[in-house]
Amino acid sequence: MRNKLIAAFACTTALVSTGAASAADLGARYTKAPAYVEPLFNWTGFYVGGHIGGAWTNEQFINNGTGAPFGDLVPGQGYRQRSAGIMGGAQIGYNWQANNYVFGVEGTISGLDNKGTVVNTAFGAGDDIFTWRANVLATVVGRAGFAVQNNLFYIKGGYAGVNNRLNVSDTVGPATGSGGQTHWANGWTVGAGWEYGITRNWIVGLEYNYAAFGSQTYQLGGTSGNYTFDAKPRDIQWAVVRASYKFDAPVIARY
């Protein structure tokens, strides 16, 4: 009888142990894994890219009263003309992200084809022909923005410079001559834009900018001497579409 009781106890113990082990295996097998959360888009890193769009220039030139009288404008007289054209170029920059805030610095170089012609008919048709052209624009700016996942809304501001040329041809007396001169005009710019990260590395966007510049003195030499103007692009505005490649930075994950 004693032996039967011992055997029965041993069998029961073995069954209980086997059940406990199975339960532990089941618990381990069906433990719920943490939910996967898609990583946030990370705006931090260097980027390079290109842009294309349109630019509008408001050119102004005024006789400053120095030099010979060819061109037939008295001191204080001049012209202002607005012109539009296609522009395009490249950008390079760096962004740094802190939570939803993004800060950065960017440089751009663009070619543009804003130009115009003004005819002064004081002494007859086709007497004095003034031409001007703004053809290269550069900026160095700081940027600050707010990121919402793959969207970045930003403002920018800083330095702007433009290559500007002025020419005059006076073919009818009393004084005649012709000449031209090119200057680099310095100024400032502000702008705003939106960018979207379509992949981890590729970014597209839209942007609008405004820039204003200081006057330069242009001496347009002729047979009667130098004809001197104060000239400048009073302002340049441009709107572009952008595409940039962002080099990889550490992924920011959220749980």
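Placed above this text is the structure.
In this text, all values refer to a predicted model and were calculated from it rather than measured experimentally.

**Q** Tell me about the overall build of the protein, residues and numbers included.
**A** Scanning the protein from terminus to terminus reveals one helix and nine strands. Each helix and strand of the protein, ordered N terminal to C terminal, gives the series α-β-β-β-β-β-β-β-β-β. Counting all 255 residues of the protein, 36% fall into the buried class. Across the protein, the fraction of contacts at a sequence separation of at least 24, relative to all contacts at a separation of at least 6, is 72%.

**Q** Before we move on, can you summarise empty space enclosed by the protein with the specific residues and values?
**A** Tallying each qualifying case throughout the model produces one cavity of 30 Å³ or more. Within this model, the largest cavity holds a volume of roughly 70 Å³. Elements that contribute at least two residues to the lining of the largest cavity include exactly strand 3 (101-120), strand 4 (128-148), strand 7 (202-213) and strand 9 (225-246). Tallying contributions element by element places strand 9 first for the lining of the largest cavity, with three residues.

**Q** Give a description of the environment of F146 that names residues and reports values.
**A** You can see F146 is positioned in strand 4. In sequence terms F146 and N100 are 46 residues apart; their C-alpha atoms lie 5.6 Å from each other. Dropping the residues within four chain positions of it, F146 is found in contact with N100, Y101, N151, L152 and F153.

**Q** I'd like to hear about the side chain of T44, residue by residue, with values.
**A** With respect to the helices, strands and loops of the structure, T44 is situated in the loop between helix 1 (2-29) and strand 1 (45-67). A distance of 3.0 Å separates a polar side-chain atom of T44 from the backbone nitrogen of Q97.

**Q** Quick one: what's the story with the pattern of salt bridges, residue by residue and with numbers?
**A** Applying the stated criterion across every chain, the model contains 11 salt bridges. Between D235 and R82 there is a salt bridge; the shortest N-O distance is 3.5 Å. Here R82 lies in strand 2 (residues 78-98) and D235 lies in strand 9, a separation of 153 residues in the sequence. For D235, a relative accessible area of 10% translates into the label buried. In this structure, E207 engages K156 in a salt bridge whose closest nitrogen and oxygen atoms are separated by 3.1 Å.

**Q** Tell me about the packing of aromatic side chains, and name the residues and values.
**A** Scanning the model with the defined rule gives 13 aromatic pairs in all. An angle of 65° between the planes, with centres 4.7 Å apart, marks the rings of F41 and W43 as edge-to-face. Here F41 matches W43 in class, with each residue buried. When the ring of Y79 is compared with that of F130, the centres are 6.0 Å apart and the planes differ by 50°; the resulting orientation is tilted. Of this pair, Y79 sits in strand 2 while F130 sits in strand 4, and the two are 51 residues apart along the sequence. Y79 sits in the partly exposed class, given a relative accessible area of 23%. Judged by relative accessible area, F130 falls into the buried class, the value being 0%.

**Q** Can you lay out the nonpolar core for me, pointing to particular residues and giving the numbers?
**A** A general feature of soluble globular proteins is that nonpolar side chains tend to end up buried together. Membership of the largest hydrophobic core comes to 13 residues, with the highest contact counts inside it found for M87, L112, L137, V162, F213 and W238. Among the secondary structure elements, those contributing two or more residues to this core are strand 4, strand 5 (151-170), strand 7 and strand 9. Tallying contributions element by element places strand 9 first for this core, with three residues. Ranked by size, the runner-up nonpolar core spans 12 residues in total, among them L73, W132, Y227 and F229.

**Q** So, the pairing of strand 6 (residues 177-197): which residues are in play, and what are the values?
**A** In this structure, strand 5 lies alongside strand 6, joined through 20 bridges in antiparallel fashion. Paired with S169 across the two strands is S178, which belongs to strand 6. Counting the residues that bridge the hairpin from strand 6 to strand 7 gives four residues.

Rules used throughout
- Residues numbered from 1 in each chain as written.
- Predicted model: local features only at pLDDT ≥ 70, side-chain atom pairs only at ≥ 80, totals over all residues.
- Heavy atoms only, no water.
- Helix = DSSP H or I, 4+ residues; strand = E, 2+ residues; numbered from the N terminus.
- Buried < 20%, exposed > 50% of the residue type's maximum accessible area, 1.4 Å probe, protein only.
- Contact = heavy atoms within 4.5 Å.
- 1 Å grid on protein atoms, 1.4 Å probe; cavity = no way out; pocket = protein on both sides within 12 Å on 5 of 7 lines; lining within 4 Å.
- Points joined across faces, edges and corners; volume = space filled by probe spheres on them.
- Polar contact = N/O pair within 3.5 Å; in protein donor to acceptor, adjacent residues only side chain to side chain.
- Salt bridge = Lys/Arg side-chain N within 4 Å of Asp/Glu carboxyl O.
- Phe/Tyr/Trp six-rings, centres within 6.5 Å; stacked < 30°, edge-to-face > 60°.
- Core = buried A, V, L, I, M, F, W, Y, C linked by side-chain atoms within 4.5 Å.
- Pairing = 2+ DSSP bridges.

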